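Examination of the molecular architecture
Each chain, letter by letter, is given below.
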Amino acid sequence: YITIFLANSCQYCSMINEVLLKLPVMDACSEVGWWDCYGDLIAVFQLGGIWIAYLPVFVWFLLFFHHEPTAENRRDYQLARLLFIVLLVLFVVIAVVAVILVATSGECGGPVRTYAYVMGMVSVVLNICVWTPQICRTFLNKSSGALSKLTIGIQFPGSLVL
């Protein structure tokens, strides 16, 4: 559940970063037509799609969490619920700050650009936090074990495109 929390946070920050940086393009698209801007906005669609795909995973985890009557499992479930609430609060706070910055300094304003870059850096740090345990386990075991080569094979080229 911690990995799911970090992955959701990472994807959301990455999406906010891309949306804020592409605001001038989106504004121009309303003039020239969205179809002509599709190539410029593909990263926004991809990151938004990934985030939308990640969020239900957390919800499903909470819904289908295996409830054993042990104190540790109850504690883990309570922590997962708390992290989900924190995640929703983070989504709202990050979005509200972005809207306020755009409203006060304009879509090309320095504070908006700085906030977008901060969201990008937060996304990078969270991504490192998500993958580091898996990389360490793979290195220490000298085996890919639970590491899906198919998943990495799909994610790597997609990340290069972005």
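Each chain has its residues counted from 1, running along the sequence as written. The predicted nature of this model means local features are confined to residues of pLDDT at least 70 and side-chain atom pairs, given and counted, to a pLDDT of 80 or more, with totals for whole chains, interfaces and linings taken over all residues. Note that the side-chain values use all heavy atoms of the structure and ignore hydrogens as well as water.

**Observations concerning the packing of helix 1 (residues 2-21) against helix 2 (residues 23-32)**
Helix packing geometry: the angle between the two helix axes and the distance between the axes. To be explicit about the condition: Axis angles are defined between N-to-C directions and span 0 to 180 degrees, where every axis is a line fitted to C-alpha atoms and, for a helix, only to the segment in contact. Only DSSP runs of H or I covering at least 4 residues are called helices, and only runs of E covering at least 2 are called strands; the numbering of each starts at the N terminus. To sort the angles, those under 35 degrees are grouped as roughly parallel, those over 145 as roughly antiparallel, those from 65 to 115 as roughly perpendicular, and the leftovers as oblique. Residues count as neighbours in contact if any of their non-hydrogen atoms are within 4.5 Å of one another. All amino acids are sorted into three groups, where Ala, Val, Leu, Ile, Met, Phe, Trp, Tyr, Cys and Pro are nonpolar, Asp, Glu, Lys and Arg are charged, and the leftover types, Gly among them, are polar.
At a minimum axis distance of 4 Å, the contact between helix 1 and helix 2 shows a crossing angle of 55 degrees. Relative to helix 2, the element helix 1 lies oblique. Note on element contacts: helix 2 touches helix 1 through L23, P24 and M26, opposite V19, L20 and L21. Within the contact of helix 1 with helix 2, the residues separate by chemical class into six nonpolar, no polar and no charged.

**Topic: the environment of L90**
The line we're drawing: The cut-offs for exposure are 20% and 50% of the maximum accessible area for each residue type, with area from a 1.4 Å probe on protein chains only; residues under the lower value are buried, those over the upper are exposed, and the others partly exposed.
By the secondary structure assignment, L90 is in helix 4 (residues 71-105). The exposure class of L90 is partly exposed, given its relative accessible area of 35%. As for L90 and Y12, which are separated by 78 residues in sequence, their C-alpha atoms are 9.4 Å apart. Contacts of L90, omitting those with residues within four sequence positions, involve F5, S9 and Y12.

**Brief notes about the side chain of S123**
What counts, and what does not: Contacts described as polar in this section are N or O atom pairs within 3.5 Å, which, within protein, must combine one atom able to donate a hydrogen with one able to accept it, while residues neighboring in sequence count only if both atoms come from side chains.
Within the secondary structure, S123 sits in helix 5 (residues 110-141). From its side chain, S123 meets the backbone oxygen of C10 in a polar contact 3.1 Å long. Not counting the four nearest positions on each side in its chain, S123 is found in contact with C10, C13 and S14.

**As for a nonpolar patch on the surface**
So the rule is basically this: Each patch is built from salt-bridge-free residues with over 30% relative accessible area, joining like charges within 9 Å and nonpolar side chains (Val, Leu, Ile, Met, Phe, Trp, Tyr) within 5 Å. We get accessible surface area from the Shrake-Rupley algorithm with a probe of 1.4 Å; when it comes to residues, only the shown protein chains can shield them. Any carboxyl oxygen of Asp or Glu that lies within 4 Å of a side-chain nitrogen of Lys or Arg is treated as forming a salt bridge with it.
Taken together, the side chains of I2, L79, L82, V86 and L90 present a nonpolar region at the surface, about 380 Å² in accessible area. Tallying contributions element by element places helix 4 first for the nonpolar patch, with four residues. Relative to the helices and strands, L82 resides in helix 4. A relative accessible area of 49% means that L82 is categorised as partly exposed.

**Topic: the state of the cysteines**
Our working definition: Put simply, a disulfide is two cysteine sulfurs that come within 2.5 Å.
Counted by the stated rule, this structure contains zero disulfides. Considering cysteine sulfurs only, C10 is the nearest to C13, which forms no disulfide, with 7.4 Å between them. Looking at the unpaired C129, the closest cysteine sulfur is the one in C10, lying at 9.4 Å.

**Examining the confidence of the model for the protein**
Any residue range with low pLDDT should be treated as having predicted coordinates unsuitable for detailed reading. Here is the rule we go by: Note: pLDDT gives the predictor's confidence per residue, expressed from 0 to 100.
In the predicted model, the protein carries a mean pLDDT of 79, and 85% of its residues have values of at least 70. When pLDDT is averaged over each element of the protein, helix 4 comes out on top at 86 and helix 6 (residues 149-161) at the bottom at 58.

**Let's talk about the packing of aromatic side chains**
The description of an aromatic ring pair uses the distance of the two centres, along with the angle that the planes make with each other. We apply this condition: Put simply, two rings from Phe, Tyr or Trp (the six-membered ring, in Trp's case) pair if the centres are within 6.5 Å, and we call them stacked under 30 degrees between planes, edge-to-face over 60, tilted for the rest.
Inspection of every chain in the model, using the stated rule, returns four aromatic pairs. Relative to F91, the ring of Y12 has its centre 4.3 Å away and its plane inclined at 40 degrees; by these criteria the two rings are tilted. Here the residue Y12 occupies a position in helix 1, and F91 occupies one in helix 4, the gap between them amounting to 79 residues. By the burial criterion, Y12 is buried, and F91 matches it.

**Comments concerning the packing of helix 1 against helix 4**
Two elements in contact, helix 1 and helix 4, have axes separated by 10 Å at closest approach and are oriented at 10 degrees. In terms of their interaxial angle, helix 1 and helix 4 are classed as roughly parallel. Between helix 1 and helix 4, the residues in contact are I2, F5, N8, S9, Y12, C13, I16 and L20 and L83, V86, L87, L90, F91, I94, A95, A98 and V102, respectively. Here the residues of the contact of helix 1 with helix 4 are counted per class, giving 15 nonpolar, two polar and no charged.

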